[in-house]
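Observations on chain architecture
So you can see what is in the structure, the chains are spelled out below.
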Amino acid sequence: MEISYTDLRAKEVVNLQNGARMGKIIDMIIDSNGKNVLGLVVPGVRKLFKASEDIFIPWRNITKIGNDVILVSLDAHCLTNVTKSQDMNLEGIPCEKDLSDDYL
């Protein structure tokens, strides 16, 4: 399947775990070799007097890319902001619930 970044940006991202609309894609993370897409980035929840932190969605969590929507399967307690994802090995680390972070 081939799809352009422009086409992806136009689609709404919906989490299958809780039915939440996460917004539209604002960025795509590609490995340093330029061969693999590691994941997508959607805007975080906006809070009063606090800047939102964008949310990283690993490519393995994308369930389906449809005509109008991208379906993802994410545990709300396991969401990672983009800054933290740069320090992680993104391949297959299981989620450990850390309730001190309030991403969603």
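Structure's up top.
Just so it is clear, the structure is predicted and the values come from calculations on it, not from any experiment.

Before going further, it helps to examine the sheet that holds strand β1 (residues 12-15). Taken together, the 4 strands give an open sheet; going across it, the order is β2-β1-β7-β6, and neighbouring strands pair in mixed fashion. The sheet is open, and its two edges are formed by β2 (21-24) and β6 (62-65), each paired on a single side. Neighbour-to-neighbour, the strand axes of this sheet turn through a mean angle of 20 degrees, independent of strand direction. Taken together, the 3 bridges between β1 and β2 define a ladder with antiparallel strand orientation. Bridging across to β2, Val14 finds its partner in Arg21.

Let's shift gears to the pairing of strand β7 (residues 69-72). The side-chain alternation of β7 yields one buried face, formed by Ile70 and Val72, and one unburied face, formed by Val69 and Leu71. Note: β1 against β7, 4 bridges, orientation parallel. Following the sheet pairing, Asn15 is matched in β7 by Val72. In this structure, β6 lies alongside β7, joined through 3 bridges in antiparallel fashion.

Here we take up the side chain of Asp31. Its place among the elements puts Asp31 in the loop between β3 (27-30) and β4 (37-42). No salt bridge is formed by the buried Asp31. Its closest oppositely charged neighbour is Lys35, at 7.7 Å. At a separation of 2.9 Å, a polar atom in the side chain of Asp31 contacts the main-chain amide nitrogen of Gly34. In terms of polar contacts, Asp31 uses its side chain to reach the backbone amide nitrogen of Lys35, at 3.0 Å. The contacts of Asp31, once residues within four sequence positions are left out, are Asn36 and Leu38.

This paragraph deals with the environment of Val13. For Val13, the location among the structural elements is in strand β1. For the pair Val13 and Gly23, spaced 10 residues apart in the sequence, the C-alpha separation amounts to 5.6 Å. What Val13 contacts, discounting residues up to four positions off in sequence, is Ala20, Arg21, Met22, Gly23, Ile25, Val42, Ile57, Ile70 and Val72.

As for its position among the elements, Ile30 is in strand β3. Along the backbone, Ile30 and Leu40 are 10 residues apart, and their C-alpha atoms lie at a distance of 9.0 Å. Contacts of Ile30, omitting those with residues within four sequence positions, involve Lys35, Asn36, Val37 and Leu38.

Thresholds applied
Residues numbered from 1 in each chain as written. Predicted model: local features only at pLDDT ≥ 70, side-chain atom pairs only at ≥ 80, totals over all residues. Heavy atoms only, no water. Pairing = 2+ DSSP bridges. Helix = DSSP H or I, 4+ residues; strand = E, 2+ residues; numbered from the N terminus. Axes fitted to C-alpha atoms, helices over the stretch in contact; angles between N-to-C directions. Buried < 20%, exposed > 50% of the residue type's maximum accessible area, 1.4 Å probe, protein only. Lys, Arg positive; Asp, Glu negative; His and termini not counted. Salt bridge = Lys/Arg side-chain N within 4 Å of Asp/Glu carboxyl O. Polar contact = N/O pair within 3.5 Å; in protein donor to acceptor, adjacent residues only side chain to side chain. Contact = heavy atoms within 4.5 Å.

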